Amino acid sequence: MIFLSREELRKEWEARVAAFQASGQRLPRWCEENNVKPYQLRYWLQKTEATSESGPTHWLSVNVAPWTKEERSDASMVVRVGPATIEVHDGFDPVLFAQVAKALAELC
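Keep in mind it's a predicted model, so treat the numbers as computed, not measured. (Residues numbered from 1 in each chain as written. Predicted model: local features only at pLDDT ≥ 70, side-chain atom pairs only at ≥ 80, totals over all residues. Heavy atoms only, no water.)

Section: the pairing of strand 2 (residues 84-88)
In the sheet, strand 1 (residues 77-81) pairs with strand 2 via five bridges, with the strands oriented antiparallel. From the neighbouring strand, Val79 faces strand 2, where its bridge partner is Ile86. Counting the residues in the hairpin turn of strand 1 and strand 2 gives two residues, including Gly82, whose phi is positive at 60°. (Pairing = 2+ DSSP bridges. Helix = DSSP H or I, 4+ residues; strand = E, 2+ residues; numbered from the N terminus.)

Describing a nonpolar patch on the surface
Where nonpolar side chains cluster on the molecular surface, the patch consists of Ile2, Leu4 and Leu9 and spans about 300 Å² of accessible area. Taking the relative accessible area as the measure of exposure, Ile2 reaches 76% and is therefore exposed. (Patch = residues over 30% accessible without salt bridge, like charges linked within 9 Å, V, L, I, M, F, W, Y side chains within 5 Å. Areas by Shrake-Rupley, 256 points an atom, 1.4 Å probe, with all protein chains shown as cover. Salt bridge = Lys/Arg side-chain N within 4 Å of Asp/Glu carboxyl O. Buried < 20%, exposed > 50% of the residue type's maximum accessible area, 1.4 Å probe, protein only.)

A few points about the packing of aromatic side chains
What describes a pair of aromatic rings is the distance from one ring centre to the other and the angle between the planes of the rings. Enumeration according to the criterion identifies three aromatic pairs in this entry. Their ring planes at 85° and their centres at 5.5 Å tell us that Tyr43 and Trp44 sit as a pair that is edge-to-face. Taking relative accessible area as the criterion, Tyr43 reaches 45% and is therefore assigned partly exposed. On the basis of relative accessibility, which here comes to 10%, the residue Trp44 falls in the buried class. An aromatic cluster of at least three residues, connected via ring pairs, comprises Trp13, Tyr43 and Trp44. Directly above the aromatic system of Trp13 lies the positively charged group of Arg16, at a separation of 4.5 Å from the ring centroid. In this arrangement the basic side chain of Lys47 is found over the ring face of Trp44, its NZ or CZ atom lying 5.7 Å from the centre. (Phe/Tyr/Trp six-rings, centres within 6.5 Å; stacked < 30°, edge-to-face > 60°. Lys NZ or Arg CZ within 6 Å of the ring centre and 35° of its normal.)

Examining the nonpolar core
Counting residues in hydrophobic clusters, the biggest one holds 10 residues: Trp13, Val17, Phe20, Leu27, Trp30, Cys31, Val36, Leu41, Trp44 and Leu45. Those elements that provide at least two residues to this core are helix 1 (6-23), helix 2 (27-33) and helix 3 (38-54). Those residues in contact with Leu45, other than ones at most four positions away along the chain, are Val17, Phe20, Gln21 and Leu27. Judged by nonpolar contacts, the second largest core, of five residues, contains Val79, Val81, Ile86 and Leu104. (Core = buried A, V, L, I, M, F, W, Y, C linked by side-chain atoms within 4.5 Å. Contact = heavy atoms within 4.5 Å.)

With respect to the pattern of salt bridges
Overall, the coordinates contain five salt bridges when judged by the stated rule. A salt bridge links Glu7 to Arg10, with the shortest nitrogen-to-oxygen separation between them at 2.1 Å. With Glu7 and Arg10 both in helix 1, this residue pair falls three residues apart, about one helical turn. Glu7 gets classed as partly exposed once you look at its relative accessible area, which sits at 37%. Its relative accessible area of 29% is what places Arg10 among the partly exposed residues. Two residues, Glu12 and Arg16, come together in a salt bridge whose shortest N-O distance is 2.7 Å. Taken together, the residues span about one helical turn, with Glu12 and Arg16 both in helix 1 at a distance of four residues. Overall, the relative accessible area of 28% leaves Arg16 in the partly exposed class.

Written out as structure tokens, the structure is:
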């Protein structure tokens, strides 16, 4: 019996999922022809879809600097992404904040 590492298993199933999707066949028939159990293919289809939807993770560096007296009284938080500065006040929209930060990160 051959044991695959987690990474090898993931790559093998990614290849199977890609082959199934490229085949144009219905799931039961493809599974029968390729000696794969339908529940296994469904599991890996869901797993690969979830991974592709989230996309790769990009990390940004964050520098924390002391606020000036004016910043402290006007803003709840000041975030700098590259050369841009975002002032975040109480009651901000977190979805909008995430969209703006993502757009700035892609430009920087």
